[in-house]
Amino acid sequence: MFRLTALTQMSSAGIPPLNYSQEISGHSDLGTLQRYLEVTPEQKRKAVSVIGF
């Protein structure tokens, strides 16, 4: 549970790129890390707004 919370907080704080979080968490596979991360609707809106949609 701690790892999930920590990874989600890092992602929400905008710590780029994901491979930093991958290395810190000890996940050997980026796909596994992505399953742990929770993406909020606000994060989705911000991501889409960056590309102008």
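Residues numbered from 1 in each chain as written. Predicted model: local features only at pLDDT ≥ 70, side-chain atom pairs only at ≥ 80, totals over all residues. Heavy atoms only, no water.

Caption draft 1: Representation of the overall build of the protein in the model. The number of helices and strands found in the protein is four helices and zero strands. In sequence order, the secondary structure elements of the protein are arranged as α-α-α-α. Overall, the C-alpha framework of the protein stretches about 35 × 20 × 15 Å when taken along its three principal axes. Across the 53 residues that make up the protein, the buried fraction comes to 19%. (Helix = DSSP H or I, 4+ residues; strand = E, 2+ residues; numbered from the N terminus. Buried < 20%, exposed > 50% of the residue type's maximum accessible area, 1.4 Å probe, protein only.)

Caption draft 2: Just the environment of serine 25, in detail. Secondary-structure assignment places serine 25 in helix α2 (residues 18–25). Residues serine 25 and glutamate 42 lie 17 residues apart in sequence; the distance between their C-alpha atoms is 24 Å. Ignoring anything within four residues of it in the chain, the contact list for serine 25 reads Arg3, Leu7 and Leu33. Among the polar contacts listed, one links the side chain of serine 25 to the backbone nitrogen of histidine 27, at a separation of 3.4 Å. (Contact = heavy atoms within 4.5 Å. Polar contact = N/O pair within 3.5 Å; in protein donor to acceptor, adjacent residues only side chain to side chain.)

Caption draft 3: Representation of the confidence of the model for the protein within the structure. Model confidence for the protein is summarised by a mean pLDDT of 79, while 92% of its residues fall at 70 or above. Here helix α1 (residues 2–12) stands out as the element of the protein with the lowest mean pLDDT, 76, in contrast to helix α4 (residues 41–50), whose mean of 84 is the highest. (pLDDT = per-residue confidence, 0-100.)

Caption draft 4: Geometry of a nonpolar patch on the surface. Judged by side-chain polarity, Ile15, Tyr20 and Ile24 come together as a nonpolar surface patch covering roughly 320 Å² of accessible area. Its place among the elements puts isoleucine 15 in the loop between α1 and α2. (Patch = residues over 30% accessible without salt bridge, like charges linked within 9 Å, V, L, I, M, F, W, Y side chains within 5 Å. Areas by Shrake-Rupley, 256 points an atom, 1.4 Å probe, with all protein chains shown as cover. Salt bridge = Lys/Arg side-chain N within 4 Å of Asp/Glu carboxyl O.)

Caption draft 5: Here's a closer look at the side chain of glutamine 22. Among the structural elements, glutamine 22 can be located in helix α2. For glutamine 22, a relative accessible area of 14% translates into the label buried. A distance of 3.3 Å separates the side chain of glutamine 22 from the backbone oxygen of serine 28, its partner in a polar contact. Filtering out sequence-adjacent residues up to four positions away, glutamine 22 remains in contact with His27, Ser28, Asp29, Leu30 and Leu33.

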